[in-house]
Amino acid sequence: MGFWRCHPHAHRRERHKPLHVVLMTSEADQQSVPPDGAAYWSIETDDLLRSLKTSPSGLAASDAASRLAKFGRNTPASTSSASALAVFARQFRSPLVLILIFAAGVSAFVGEGQEAAIISAIVLASCVLSFTQEYGASRATEALKQRTSRKAIVLRDGVECSVAAEDIVPGDVIRLSAGNLIPADGVILDARDFNVSEAVLTGETFPAVKTPGRSAPNAALTLRTNAVFMGTSVRSGTATVLAAATGTRTEFASIAAALERQIPETGFGRGIRLFGYLMTEIMLAIVIVVFFANLLLHRPLIDSLLFSLALAVGLTPELLPAIISVTLARGARAMAANGVIVRRLDAIENLGSMDLLCTDKTGTLTEGVIHLDGWLDVDGSPSTDVLLWARLNATLQTGLKNPLDEAIATAPGEGGSLAAFSKVDEIPYDFIRKRLSVVVRTNDAEDLLITKGAVKNILETCGFVRTAKGLEPLNEMHRAAIDEKFRRWSADGYRVLGLAIRRFESAKPFSRKDEIDLAFAGFLLFLDPPKKGVKETLAELAQRGIAVKVISGDNRYVAAHLAQTIGLHADRIMTGEELSKLTKSALFAGVQHTDLFVEIDPNQKERIVHALRSRGHVVGYLGDGINDAPALHEADIGISVDSAVDVAREAADIILLKQDLGVLVRGVDDGRKTFANTMKYISITTSANFGNMISMAVASMFLPFLPLLAKQILLNNFLSDVPSLAIASDNVDPDQLRRPRHWDIRFVRRFMISFGLVSSLFDVATFAFLLFFAHATEAAFQTAWFVESLLTELAIVLIVRTHRVFWASRPSPLLAWFTLAVGIIAIMIPYLPFAAWFGFVPLPLPVLAVLVVITALYLLASEATKRWFFGQENRNSHRKREHSIERVAKPRAACPRS
C-alpha cells in the first residue's frame, strides 16, 4: 500500500530525544534555518519565521526554488530507483549462480578451460536475460508511480497554490484541512478544532489535539501539541502550518531509516514463497543423492559436482523473479491504459483473486453528482430562509470540501442575498458530531449560528422547533413528525440533512459547547441517482465470481432504495448500532449473510472488512474519504480514486482514474491475466523441465556415463527459458477470467507429479530407443537426449498455457515465434560448427525422425493428461462450492435483521 502505511512496530521505538533542525551546512545556510541545536517547536513563532527567512504569507516562488535545490526533494528517503548496474549485480546474488561461477573456476584451475568458459558464458547470458526483463519492468513501474504524486496547498508569493508535496521546503506555509496527509514537520501558526492522527509515529489510536503555542525543548513527540509531523493525517478541522523540517530531516524519515517498512504478505507472495521451499527441498534431495551416487560409481569428482549443480539449475525456476516482475509490470501498464493505476505491483495478483467487493454507494453506484432537490421547513413546505441559511453554511465553511456543500452552493432557487452577512466563526465538521456550524453576523450586529448535518445528530442539539407560528419547545410530537418525514423521503431515495439555528446577542468565541438549545429549522433533500449502466456492471462482476456488499454511513432507507433499484439484495441489513452490540464471533457469523451495512462509522468499516477476510474471502474495498482509510488498510486490496482525499489515496493499493466500477471490471480482468501468465511459467517449470531433470538424475545412477554433461544441461536450461520471456505477452482464454484465481500449493504439487510422471515415461522410452535400438555411443546418446528433452520442454509450453485443447487456443505471436525459433535451433545444434564445444555429434536422420515422433506422442499424451487433470480439479472445485452453499443456506439466527 501507500508509503505512509504504519509500521507495525513504529510505536515501540523510543523517541525521547528532541529532533533538532540540523539543516545548516555552511554559514550561508544559517539565514534560512533555526538556530543551531534549537528545537523548532520550542521557539516563538515570530523568531522561527525570522530564522527561516519567511513570513505568514509564505515564500516567494524564486526563494522556494533555490531552497529546493539546496535542501533536496521532500521525501523521507531516497526515491531514486536502483541503477542499471545495481540491478545487473543483483542477478549474481543467487546461491546457484555463485556456486556455478565457483565450479567454473575450479574447472579452469584443473585444466578444463573450455568447459569453464562455456559454463561462464551460459551463466552470464542467463543473468543478462533476467536483467533486461527486471530493469525494464522497474522503469515502467517508476513511470506509473509518477502519475499518482501527491499535492499540497501552500502560500507562494502570498497566494494559495497547489504544488507537489515533494517540492515543499523549509519556510513554506501550508494550508491543511480534514483528509490531508501532512507533508512536512512544522509548527502551527493558526488552527481551528484541529485534530491529527499520529498513529503512524506513536501508535496512538485517538487523534491528538493541536493548537498554536510553544512546547518544551525536551518534550516527547506526543507532547509537542504545537507541532505536526510528516506522514500523519488530519482527522478534523483546519490549520496553517509553517514547515520547519523536510525530507530526510523529518521524524517520519528517522523511523523509516531505522525500520524497514513492512507490508502484509499477499496470498500470491506467500504461494511463491511456499513454491520456492518445495523446489528447494526437491533440489537439495536430488543433488545430494546424485552427487554421492556418482562418487560411489567412481566418476570424476569435478564431473560429478558439475552434473549435480547443473541438475539443480535445471530444477530451479531461476527466471521466476524476472517473469513475475515482467508480467506484473506489463499488467500494470495494461491497467493504466484502462484507467487503473497500480501503486503496489503485487496488489495486481490480489485484484485478480478478489471474490468480494465492499464499497460505499456515492459516486460508485450513483452518479456522484449530487443535486439539492428540496429546501423545506419543518412542515415540509419550501422555505427561502432554509435555503439562505444552508448557503451561508456551505459557502463560508473552510474545512472539508464535499459534494453536498457544492450542491447547496449551486442550487437554482432564490434564497436571498449573502452580502448582508459576514462570517464570524466556524465549528468544523467531524465524524463524531456529524455536523458543521458557521456563525454569521447580520447588519444589526446579531450573531446567527447555523448548523447542518445528519437529522439525528441535529436533533440532539435542539431544544426548540421553528414553525410557522414561531419558536416552540421541541416535544415528542414534533420529533415523531420529523422522523416520519425523514423516513418517507429516505425511502424515496433522498439523502436528508437537518438544519438548525440559534441567535446570539453579542459576539463571543464560539465552540462545540454552543451547539445547544438550537431551533430545528428544516430539511435539505439531496438526490444522487443511480449511475447509468451500474446494473449491467454489477452483473459483469457477478459473472466473474465477485459479490458486492455496500458499506455506507447513510441511513438504511436510502441504501435499501438504491440497492433495490440497481439489482442488489436489500433484505438483510445491519446497522452500525446493531453491529456495535455484536461480539467478535457473532460479527464473523453475521457478515456472511448481510447484504447492506448502513449507518456505519469508520472503525466499524474496518471491523466488517476484517470479519469478511476471516471468513476466507479475498476482500477489495473501494473508498475515497477520510473515514475509509482504516478499511482500505485492512482490505486485501485497497481501491481508491484519483479525486480522493490524501489519506485515502495513500492507503490504497490501486487508484481508479475514473470513479466507475466498469474501470474496475477491466482492472480485474487484467489482474487475472497477469496471474494466469505467471502460473504458466510455474506450470512449464513443474512439468517437462521437472520430469526431464528427475529422469536424468535416475538415469545417471544406471548408465555407464552421464546422460548429459553439465554444460549441455545449462545450455538446455538456457534455451528452454527463452520462450518464457514472452509469457507476459501471451493471450489468456476468456474462461480463465470468469472466476477468482487463488494460489494453491497443493494444486502445484499435484500438477508437478501428474505431468512429471508423463514426461519421465517418455524419457524412459527415449532412453530405451537410444540404447537398445539405435545403439548410441555416449556422445550420440547425450546429443539425442539433449534434442529430445529440449523439444519436449518447448512442446509443453503450448499444452499447459491453456485449459482448452492446445490447437483451439492461439498463443501470442511473440511466444509462438520464440518457441518455433528455439525448436529449430534444437534440431540444428548437432550440425552447427560449434557443436563439438558442447560435446555434440551429428545425428542420423532416422534417429532424429524418431525423436520428433516421440515428441509428438508426448505432446498428445500431455494433452490427454491435461484434460483428465483439469476435469478432476473442476469436479473437486464444484463439490467445494456446493459444500460452501450448503453451509451458507443453514439457518441464520446470528444474523441481525432490520
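Bear in mind that the values here come from a model prediction, so they are computed numbers and not experimental data. (Residues numbered from 1 in each chain as written. Predicted model: local features only at pLDDT ≥ 70, side-chain atom pairs only at ≥ 80, totals over all residues. Heavy atoms only, no water.)

Caption draft 1: Inspection of the overall build of the protein at higher detail. When helices and strands are tallied, the protein shows 28 helices and 23 strands. Expressed as a percentage of the 898 residues in the protein, the buried residues total 55%. Put simply, of all contacts in the protein between residues at least 6 apart along the chain, 74% involve residues at least 24 apart. (Helix = DSSP H or I, 4+ residues; strand = E, 2+ residues; numbered from the N terminus. Buried < 20%, exposed > 50% of the residue type's maximum accessible area, 1.4 Å probe, protein only. Contact = heavy atoms within 4.5 Å.)

Caption draft 2: A look at the packing of aromatic side chains. Tallying each qualifying case throughout the model produces 21 aromatic pairs. Aromatic pair Phe-834 and Trp-837: ring centres 6.1 Å apart, planes at 45°, arrangement tilted. An aromatic cluster is defined as three or more aromatic residues linked by ring pairs; in this entry it consists of Phe-747, Phe-751, Phe-755, Phe-869 and Phe-870. (Phe/Tyr/Trp six-rings, centres within 6.5 Å; stacked < 30°, edge-to-face > 60°.)

Caption draft 3: Spotlight on the pattern of salt bridges. Summed over all chains, the structure comprises 30 salt bridges. A salt bridge links Arg-67 to Asp-63; its shortest N-O distance comes to 3.2 Å. On the criterion of helical spacing, the pair formed by Arg-67 and Asp-63 is a turn pair, its members being four residues apart in helix H2 (residues 61-71). Judged by its relative accessible area of 2%, Arg-67 is buried. In this structure, the salt-bridge partner of Arg-433 is Glu-515, at a minimum N-O distance of 2.7 Å. In this pair, Arg-433 is assigned in the loop between strand E11 (422-427) and strand E12 (435-441) and Glu-515 in the loop between strand E16 (495-504) and strand E17 (518-527), connecting sequence segments 82 residues apart. With relative accessibility at 7%, the residue Arg-433 sits in the buried group. Through salt bridges with shared partners, one network takes in Arg-73, Glu-166 and Asp-167. (Salt bridge = Lys/Arg side-chain N within 4 Å of Asp/Glu carboxyl O.)

Caption draft 4: The pairing of strand E22 (residues 637-641), seen in detail. For E22, the tally of buried residues reaches five of five residues, placing the bulk of the element in the interior. Residues Ile-637, Ile-639 and Val-641 of E22 are buried on one face, and the alternating residues Gly-638 and Ser-640, pointing to the opposite face, are buried as well. Of the pairings in the sheet, the one linking strand E21 (residues 619-622) to E22 comprises three bridges and is parallel in character. Each bridged residue has a counterpart across the sheet, and for Tyr-621 the counterpart in E22 is Gly-638. Handedness of the crossover joining E21 and E22 through helix H21 (residues 629-634): right-handed. Both E22 and strand E23 (residues 654-656) contribute to a ladder of three bridges, which runs parallel. When the sheet's bridge partners are listed, Ile-639 is paired in E23 with Ile-654. (Pairing = 2+ DSSP bridges. Right-handed = clockwise from strand over helix to strand, strands pointing away.)

Caption draft 5: Focus on the packing of helix H26 (residues 778-800) against helix H27 (residues 813-828). Viewed as axis vectors pointing N to C, H26 and H27 meet at an angle of 170°, and their least axial separation amounts to 9 Å. In terms of axis orientation, H26 runs roughly antiparallel to H27. Of H27, the residues touching H26 (which contributes Val-787, Leu-790, Leu-791, Leu-794 and Val-797) are Leu-815, Thr-819, Val-822, Gly-823, Ala-826 and Ile-827. Class assignment of the residues belonging to the contact of H26 with H27 gives a composition of nine nonpolar, two polar and no charged. (Axes fitted to C-alpha atoms, helices over the stretch in contact; angles between N-to-C directions. Parallel < 35°, antiparallel > 145°, perpendicular 65-115°, else oblique. Nonpolar A, V, L, I, M, F, W, Y, C, P; charged D, E, K, R; others polar.)

Caption draft 6: Inspection of the environment of Asn-180 at higher detail. Within the secondary structure, Asn-180 sits in the loop between strand E3 (173-177) and strand E4 (185-197). Along the primary structure Asn-180 and Ser-236 are separated by 56 residues, whereas in three dimensions their C-alpha atoms are 9.5 Å apart. In this view, Asn-180 contacts Arg-175, Thr-232, Ser-233, Val-234 and Asp-646; residues no more than four positions away in its chain are not counted. In this structure the side chain of Asn-180 is engaged in a polar contact, spanning 2.8 Å, whose partner is the backbone nitrogen of Ser-177. (Polar contact = N/O pair within 3.5 Å; in protein donor to acceptor, adjacent residues only side chain to side chain.)

Caption draft 7: Here's a closer look at the confidence of the model for the protein. Per-residue confidence for the protein averages 80 on the pLDDT scale, and 82% of its residues sit at or above 70. The model gives residues 257-262 a pLDDT under 50, and that stretch makes twelve contacts with residues more than four places away or in other chains. Confidence drops under pLDDT 50 across residues 884-898; counting only partners more than four residues distant or on other chains, this segment forms 22 contacts. (pLDDT = per-residue confidence, 0-100.)

Caption draft 8: Structural view of helix H17 (residues 556-566). Of all the residues in H17, the buried ones are Val-558, Ala-559, Ala-560, Leu-562, Ala-563 and Ile-566. With a side-chain oxygen positioned 2.9 Å from the backbone nitrogen of Tyr-557, the residue opening H17 is Asn-555. Just past H17, the residue Gly-567 takes up positive phi, approximately 95°.

Caption draft 9: How the structure looks around the sheet that holds E22. Pairing is mixed across the open sheet formed by eight strands, whose spatial order is E8-E23-E22-E21-E9-E18-E20-E19. Edge positions in the open sheet fall to strand E8 (340-342) and strand E19 (573-575), since each of these has one partner strand only. Shown here is a sheet whose adjacent strand axes are inclined to one another by a mean of 20°, direction ignored.

Caption draft 10: Expanded view of a nonpolar patch on the surface. Among the surface-exposed residues, Leu-284, Ile-288, Phe-292, Leu-295 and Leu-301 lie close enough to one another that they form a single nonpolar patch of about 460 Å² accessible area. Ranked by residue count, the leading element in the nonpolar patch is helix H8 (residues 267-296), at four residues. (Patch = residues over 30% accessible without salt bridge, like charges linked within 9 Å, V, L, I, M, F, W, Y side chains within 5 Å. Areas by Shrake-Rupley, 256 points an atom, 1.4 Å probe, with all protein chains shown as cover.)

Caption draft 11: Layout of the side chain of Asn-294. Within the element layout of this structure, Asn-294 appears in helix H8. The residues touching Asn-294, leaving out its near neighbours within four places in the chain, are Arg-299, Ser-304, Phe-307, Ser-700 and Leu-706.

Caption draft 12: Structural context of the side chain of Ser-215. Position of Ser-215 relative to the elements: it lies in the loop between strand E5 (208-210) and strand E6 (227-228). Among the polar contacts listed, one links the side chain of Ser-215 to the backbone nitrogen of Thr-225, at a separation of 3.5 Å. Each residue touching Ser-215, except ones within four places of it in the same chain, is listed here: Trp-41, Ser-42, Leu-223, Arg-224, Thr-225 and Asn-226.

Caption draft 13: Summary view of unusual backbone geometry. Not every positive phi belongs to a glycine, and Asp-157 is a case in point at roughly 60°. Within the secondary structure, Asp-157 sits in the loop between strand E1 (151-156) and strand E2 (159-164). Residue Glu-599 is not a glycine yet carries a positive backbone phi of 55°. Take Glu-599: its relative accessible area is 30%, and that puts it in the partly exposed class.

Caption draft 14: Focus on H2. Three or more residues of H2 are buried, namely Ala-64, Arg-67, Leu-68 and Phe-71. Each buried residue of H2 lies within a common arc of 105° when the element is viewed along its axis, so the set occupies one face. In H2, the exposed positions angled more than 90 degrees off the buried face are occupied by Ser-62 and Ala-69. Buried residues along H2 sit against E1. Looking one or two places after H2, you find Gly-72, whose phi comes out positive at around 90°. (Arc of directions from axis to C-beta.)

Caption draft 15: Examining the environment of Gly-105 more closely. Position of Gly-105 relative to the elements: it lies in helix H4 (residues 95-109). Overall, the relative accessible area of 38% leaves Gly-105 in the partly exposed class. For Gly-105 and Ala-117, which are twelve residues apart along the polypeptide, the C-alpha to C-alpha distance reads 9.2 Å.

Caption draft 16: The packing of helix H25 (residues 745-773) against H26, seen in detail. Between H25 and H26, the shortest axis-to-axis distance is 11 Å and the interhelical angle comes to 150°. By the angle between their axes, H25 is roughly antiparallel relative to H26. In this structure, H25 crosses over H26, and the sense of that crossing is right-handed. Here Phe-751, Phe-755, Asp-763, Thr-766, Phe-767, Leu-770 and Leu-771 of H25 come into contact with H26, specifically with Phe-781, Ala-784, Trp-785, Glu-788, Ile-796 and Val-800. Looking at side-chain class alone, the contact of H25 with H26 contains ten nonpolar, one polar and two charged residues. (Left-handed = near helix turned anticlockwise from the far one by under 90°.)

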